[in-house]
Amino acid sequence: MKNIVGVRFKKLGKIYFFNPKNLKVRKGDKVIVQTAQGEEYGEVMIPNRFVEDEKIIAPLKKVIRIANYRDHKHYEEDRKKEKEAFKICQKKIKEHKLDMTLTDVEYKFDDSKILFYFTADGRIDFRELVKDLAAIYKTRIELRQIGVRDEVKRIGGNGVCGRELCCCSFLSDFEAVSIKMAKEQNLSLNPSKISGNCGRLMCCLKYENEVYEDKLKRLPNIGAIVKTEDGKGEVENIETLKEIVRVKIKDGDGYIHKKYHVKDIKVIKDMVADRVNEEEIEHKKELEELEKLEKEDQKKRN
C-alpha cells in the first residue's frame, strides 16, 4: 500500500497519482508537483489515500509543495499571457497562409515551453510558424494537432438532450464507440441523430452498451423459432432492457402476436432473419464515413 494524492491539471482532465511525502492535503487544494515535463500547478481531486501497489504506475512523481501566493499569481499571469499568445499566433497563421485552426494555448508553469493546439484536415508544415513564435517568445514552442472531439471539449456547448456536453461536464477521456452499439440499442441509424456536436458518434452510445450486450446474450435473435405456452412461433421483436420478446404464432389462416418474458420461452432454433433497415441503407455511405473517422480518431488517441 502506498500513500498517494490525485491531482488534475485541467478541468475534466485525467487525474494523476503523486507521492505527497509528508504533506497532508485536502480536496481542492492547489499544489505544485514534479512531472516528466517539469513543475506543474494542479488541483487536488483525491486527498491523501492509501492504494494497492498494483494500481500505481511506479515510480510516482512527488508533490513539491502546496501552492503559495506567488504560485497562484504566476499561474494567473500565465493565463493572461495565453490569451495574448493566442492572438499573435492567429495573426502568424494568416501571414503564413496555413490551413489550420488554432484552438488553445498553454504556458507550462515553469515557463519551459508554450504549447499551441490546433485542428486541421491533414498534415501541416508549420516549421516557419514555429520559428516565428520562438523568435518572439524566446522559449521552446510546441504545436499539437488535436481531434475534433478535443476541440469541442475545449469550446463547450450543449447536446441534443439539452444538457451540457458530457465531454465538458464530467467525461475525462474518450472511449471508442461504434455503429454496432446503436444497432444493439435499437437506435435510429440516421447519422444526424447519433452524432454529437463534434460530428462524431455520440459518446453516450457507450454508457449503456455493456448492459445491452449482457442482456442480448440471454435473448434470442429476431427470426428465431421458439416454443411458448401458446405453441411454436417466430420472434419478431425484442424489448432488450425488459427482456421481453414478441412472438408471431400461427393461428388457423392467420397469426396471433403475443409478448413473453425470455424465461417463459424455449428456443428451438436461433437464427437471424434477413431484415432490411431502410435507414442503414439510405445512410450507408455516411455511416461508413462515421466508422472510418472514429477508427482514425482512436488511432490518434492511442
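Here, every reference points to the structure presented above.
The rules behind each value
- Residues numbered from 1 in each chain as written.
- Predicted model: local features only at pLDDT ≥ 70, side-chain atom pairs only at ≥ 80, totals over all residues.
- Heavy atoms only, no water.
- Helix = DSSP H or I, 4+ residues; strand = E, 2+ residues; numbered from the N terminus.
- Rg over C-alpha atoms; globule rule 2.2 N^0.38 Å.
- Buried < 20%, exposed > 50% of the residue type's maximum accessible area, 1.4 Å probe, protein only.
- Areas by Shrake-Rupley, 256 points an atom, 1.4 Å probe, with all protein chains shown as cover.
- Lys, Arg positive; Asp, Glu negative; His and termini not counted.
- Charge placed at Lys NZ, Arg CZ, Asp CG, Glu CD.
- Polar contact = N/O pair within 3.5 Å; in protein donor to acceptor, adjacent residues only side chain to side chain.
- Contact = heavy atoms within 4.5 Å.
- Arc of directions from axis to C-beta.
- Pairing = 2+ DSSP bridges.
- Axes fitted to C-alpha atoms, helices over the stretch in contact; angles between N-to-C directions.
- Phe/Tyr/Trp six-rings, centres within 6.5 Å; stacked < 30°, edge-to-face > 60°.
- Lys NZ or Arg CZ within 6 Å of the ring centre and 35° of its normal.
- Core = buried A, V, L, I, M, F, W, Y, C linked by side-chain atoms within 4.5 Å.

Asks: How should the overall build of the protein chain be read in this particular structure?
Replies: Each helix and strand in the protein chain was counted, giving nine helices and 13 strands. At 27 Å, the protein chain has a C-alpha radius of gyration far larger than the 19 Å of a compact globule built from 302 residues. Counting only residues that meet the buried cut, the protein chain has 37% of its 302 residues in that class. Looking at the protein chain as shown, the accessible area adds up to about 19300 Å², and 49% of this sits on carbon and sulfur atoms. Each charge sign in the protein chain was given a centre, from 65 positive and 56 negative side chains, and these centres are 4 Å apart.

Asks: So what exactly am I meant to see when it comes to the side chain of Asp 29 here?
Replies: Along the polypeptide, Asp 29 turns up in the loop between β2 (15-18) and β3 (30-35). A polar contact is formed between the side chain of Asp 29 and the backbone nitrogen of Arg 26, at a distance of 2.8 Å. Not counting the four nearest positions on each side in its chain, Asp 29 is found in contact with Gly 42, Glu 43 and Val 44.

Asks: Where do I start with helix α7 (residues 209-218) in this structure?
Replies: Along an α-helix, a turn takes 3.6 residues, which lines up residues three or four apart on a common side. Every buried residue of α7 is accounted for by Asn 209, Tyr 212 and Lys 215. Summarising the axial view, the buried residues of α7 lie within an arc of 130 degrees, below the 170-degree limit, and thus occupy one face. Facing away from the buried side of α7, by more than 90 degrees, are the exposed residues Glu 210 and Lys 217. In this structure, the buried residues of α7 make contact with α5 (179-184).

Asks: What should I look at first to understand unusual backbone geometry in this one?
Replies: Excluding glycine, a negative phi dihedral is what most residues carry, and trans is how most peptide bonds are arranged. Phi is positive for Lys 138, close to 55 degrees, though the residue is something other than glycine. Looking at the element boundaries, Lys 138 is found in the loop between α2 (127-137) and β8 (140-145). A relative accessible area of 69% places Lys 138 in the exposed class. Despite not being glycine, Glu 243 has its phi angle at roughly 60 degrees, a positive value. For Glu 243, the location among the structural elements is in the loop between β10 (231-239) and β11 (244-251).

Asks: Honestly, the sheet that holds strand β1 (residues 2-8) in this entry has me stumped. Any pointers?
Replies: Through backbone hydrogen bonds, the strands of a sheet pair up, either in parallel or in antiparallel fashion. The strand order β2-β1-β4-β3-β5 describes an open sheet built from five strands, whose pairing is antiparallel. Among the strands making up the open sheet, the edge pair consists of β2 and β5 (63-66). The average angle at which neighbouring strand axes cross in this sheet is 45 degrees, direction not considered. Contacts between helix α1 (residues 69-95) and the sheet are confined to β3, β4 (38-51) and β5, with β4 contributing the most and set at about 120 degrees to the helix.

Asks: Is there a simple way to think about the sheet that holds strand β6 (residues 101-107) in this case?
Replies: Read from one edge to the other, the open sheet built from three strands follows the order β6-β7-β8, with strand pairing classed as mixed. Of all the strands in the sheet, the pair left with one neighbour each is β6 and β8. For this sheet, the mean inter-axis angle between neighbouring strands, taken without regard to orientation, is 20 degrees. Here six bridges tie β6 to strand β7 (residues 113-119), and the two strands are oriented antiparallel to one another. When the bridges of β7 are listed, Leu 102 appears paired with Phe 118. Packing of α1 onto the sheet brings it into contact with β6 and β7, and relative to β6 it is tilted by some 145 degrees. Strands in contact with α2 are β6, β7 and β8; relative to β8, the strand with the most contacts, it is inclined by about 140 degrees.

Asks: Explanation requested: the side chain of Glu 184 in the structure shown.
Replies: Its location among the elements puts Glu 184 in helix α5. Reaching out from Glu 184, the side chain makes a polar contact with the side chain of Lys 180 at a distance of 2.9 Å.

Asks: It is not clear to me how the packing of aromatic side chains should be interpreted in this structure. Could you clarify?
Replies: Considering all chains together, one arrives at six aromatic pairs under this definition. Ring plane angle 50 degrees and centroid distance 6.2 Å describe the contact between Phe 170 and Tyr 207, whose orientation is recorded as tilted. A residue pair is termed long-range when its members are at least 10 positions apart, and Phe 170 in the loop between α4 (166-169) and α5 and Tyr 207 in the loop between α6 (191-194) and α7 qualify at 37 residues. Residue Phe 170 is classed as exposed on the basis of its relative accessible area of 51%. Among the residues examined, Tyr 207 registers a relative accessible area of 40% and is labelled partly exposed. One aromatic cluster is present, formed by Phe 9, Tyr 16 and Phe 18 through successive ring pairs. Over the aromatic face of Tyr 75 sits the side chain of Arg 79, whose NZ or CZ is 4.2 Å from the ring centroid. Over the face of the ring belonging to Phe 174 we find Lys 153, whose NZ or CZ atom lies 5.6 Å from the ring centre.

Asks: Help me understand the nonpolar core in this model?
Replies: Grouped burial of nonpolar side chains is what soluble globular proteins tend to show. By size, the foremost hydrophobic cluster in this structure holds 18 residues, and its most contacted members are Met 100, Phe 116, Leu 133, Tyr 137 and Leu 143. Counting only elements with at least two residues in this core, the list comes to α1, β6, β7, α2 and β8.

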